[in-house]
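Survey of secondary and tertiary structure
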Amino acid sequence: MKISKKKIFFYILTAAFFIACSAYAITREAAVQFALENSESIRIVRENAAMLRAEARQTCAFAKPQLRMESRYLEMGDSSESNPLFESPERELSAGLTASQVLYAGGRIRRSFALGDNLEKQADLLYRSGKRDISKAVKISFDSVLLEQAVLDILKDRMKQRQNELDDAKDLREAGMVTSLDVRQAMLNLNFAKDEYKAGENAFRHALTDFNLSLGRSPENAPLHPDGKLAEISDTHRILLQLKKAYAGDRFLDIASGKKEQEAAVLAYEIARGERLPRLLLLASGNTQGEYPDETDEYWNIGLQMDWSISDGGLTAAKSASALSRQRIAQDNLKKIRKELAGSIEKIGNTIRTLEERTRLQKEAVELSRQNYDDARGQYRAGTITLTRLGDFNLNYAEARFILQRLFYAQREVMNSAEALLEEIP
């Protein structure tokens, strides 16, 4: 059989494409690790966690020893007549150091340290949940490329089938079994197949760009290609059992975060209420003052100071009311998180069971439609069916394969959600 130059060129391009893809192939695990080490997203997550840790330090800073230093140099003078007995100083030099420590603040000291510790733990949970979300996003975009690649493979196969149908039509016309109408229709079908393939290439490139962006790579760099193919996932029921066991033990990151937020809201409310009570401080200070550096007087003092805001225009009451509302919101939010997680696990279970049955049926449909197409092509070559009828079998075969690949993708999608939930277990 003689192969045309166009076909040879097409085969060379296809081989070059797959060689280039394999040169920059990356596995799912390596892609996730790359994103967790190099993407802007992970740096944003780190900085958000760092801000929360800084807020934790601010919360209890007032309860730690305070030290303040001040110094002053003033040139002095007045327009009044000088008193010969008491000469006015021409300058003032002074320096002082003050240390203080809060001894009592209506329970705010202990609770502020507890709130600081709470915020530190929230920062850890925030960082873990950020990593989880990045990992899930990378896996989703990874699988999207695999889906578009599978679609592209089917479209390329359809293009080959349409070319074979055109060759069949030409042979049948030479044998006098069909007219040029079949040849033109076969050429039209081939053009449609080529157009669909071009659209598939565009969709594949878009998915590939999105995947590399999720890794934190610039579009200017050579793109990394996901390694592997979509396939049916086995043992899906095992992960469902793990999810139910984790939910029964309250072992999800979202629940842990909700609990910490509720705990922080309770502490914030108690701290706000504590502002109604007096504050007791231990104070110590030293000061030096004079007109010349070698002619200064030193002063020092040490003692206790109490301050109590008897009335602040309702500021403390407003802070307490606001903190109480945040506490109630945190309580309801935790209940909502638990309900949503239960709903997510229920939907994952339903989807797993449905996809399992649909995939089994669709695999049978692919095999039946393939056999139908092969038989139909033989009948067309024998002149017993029309080209239009053959096209129906071609379309059925393609649609069956498209649906099967999308079912594989749906399985991968639900597993990504399940794996993300399991990664949350502290």
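Whatever comes next refers back to the structure up there.
In this report, the structure presented in the accompanying data block is examined. (Residues numbered from 1 in each chain as written. Predicted model: local features only at pLDDT ≥ 70, side-chain atom pairs only at ≥ 80, totals over all residues. Heavy atoms only, no water.)

Digging into helix α3 (residues 40-59)
Under the 1.5 Å per step criterion, the end-to-end length of α3 is 29 Å for 20 residues, consistent within 8% with the ideal 28 Å. Buried residues of α3: Ile42, Val45, Ala49, Leu52, Ala56 and Thr59, and no others. Summarising the axial view, the buried residues of α3 lie within an arc of 95 degrees, below the 170-degree limit, and thus occupy one face. Away from the buried face of α3 by more than 90 degrees, exposed residues Ile44, Glu47, Met51, Arg57 and Gln58 are located. Buried residues along α3 sit against α2 (28-38) and α4 (108-174). (Helix = DSSP H or I, 4+ residues; strand = E, 2+ residues; numbered from the N terminus. Expected span 1.5 Å × (residues − 1). Buried < 20%, exposed > 50% of the residue type's maximum accessible area, 1.4 Å probe, protein only. Arc of directions from axis to C-beta. Contact = heavy atoms within 4.5 Å.)

Regarding the packing of α4 against helix α7 (residues 253-274)
In contact at an axis separation of 9 Å, α4 and α7 are set at 155 degrees when each is read in the N-to-C sense. When the axes of α4 and α7 are compared, the pair comes out roughly antiparallel. Note on packing geometry: the crossing formed by α4 with α7 is left-handed. Residues Arg108, Arg111, Ser112, Ala114, Leu115, Asn118, Lys121, Gln122, Leu125, Arg128, Ser129 and Arg132 of α4 pack against Leu253, Asp254, Ala256, Ser257, Lys260, Glu261, Glu263, Ala264, Leu267, Glu270, Ile271 and Gly274 of α7. Tallied by class, the residues present in the contact of α4 with α7 amount to 8 nonpolar, 6 polar and 10 charged. (Axes fitted to C-alpha atoms, helices over the stretch in contact; angles between N-to-C directions. Parallel < 35°, antiparallel > 145°, perpendicular 65-115°, else oblique. Left-handed = near helix turned anticlockwise from the far one by under 90°. Nonpolar A, V, L, I, M, F, W, Y, C, P; charged D, E, K, R; others polar.)

Describing the packing of α3 against α4
Where α3 contacts α4, the axes come no closer than 8 Å and their chain directions differ by 175 degrees. Classified by the angle their axes make, α3 and α4 are roughly antiparallel. Partitioning the contact of α3 with α4 into residue classes produces 11 nonpolar, 7 polar and 6 charged.

Notes on the nonpolar core
Ala31, Ile134, Val138, Phe211, Leu215, Tyr380 and Leu390 are the most contacted members of the largest nonpolar core, which has 49 residues in total. Listing elements by their share of this core, those giving two or more residues are α2, α3, α4, α5 (180-215), α8 (315-382) and α9 (387-423). A total of 14 residues in this core trace back to one element, the largest contributor, which is α4. Beyond its immediate sequence surroundings of up to four residues, Ile134 is in contact with Ala35, Leu36, Ser41, Ile42 and Val45. Listed in part, the 21 residues of the second largest apolar core include Ile255, Leu355, Ala410 and Leu422. (Core = buried A, V, L, I, M, F, W, Y, C linked by side-chain atoms within 4.5 Å.)

Brief notes about the packing of aromatic side chains
Scanning the model with the defined rule gives 3 aromatic pairs in all. Summarising the aromatic geometry, the rings of Tyr247 and Phe252 are spaced 6.5 Å apart at their centres and angled 45 degrees between planes, so their arrangement reads as tilted. When its relative accessible area of 28% is taken as the criterion, Tyr247 is described as partly exposed. Phe252 sits in the buried class, given a relative accessible area of 0%. (Phe/Tyr/Trp six-rings, centres within 6.5 Å; stacked < 30°, edge-to-face > 60°.)

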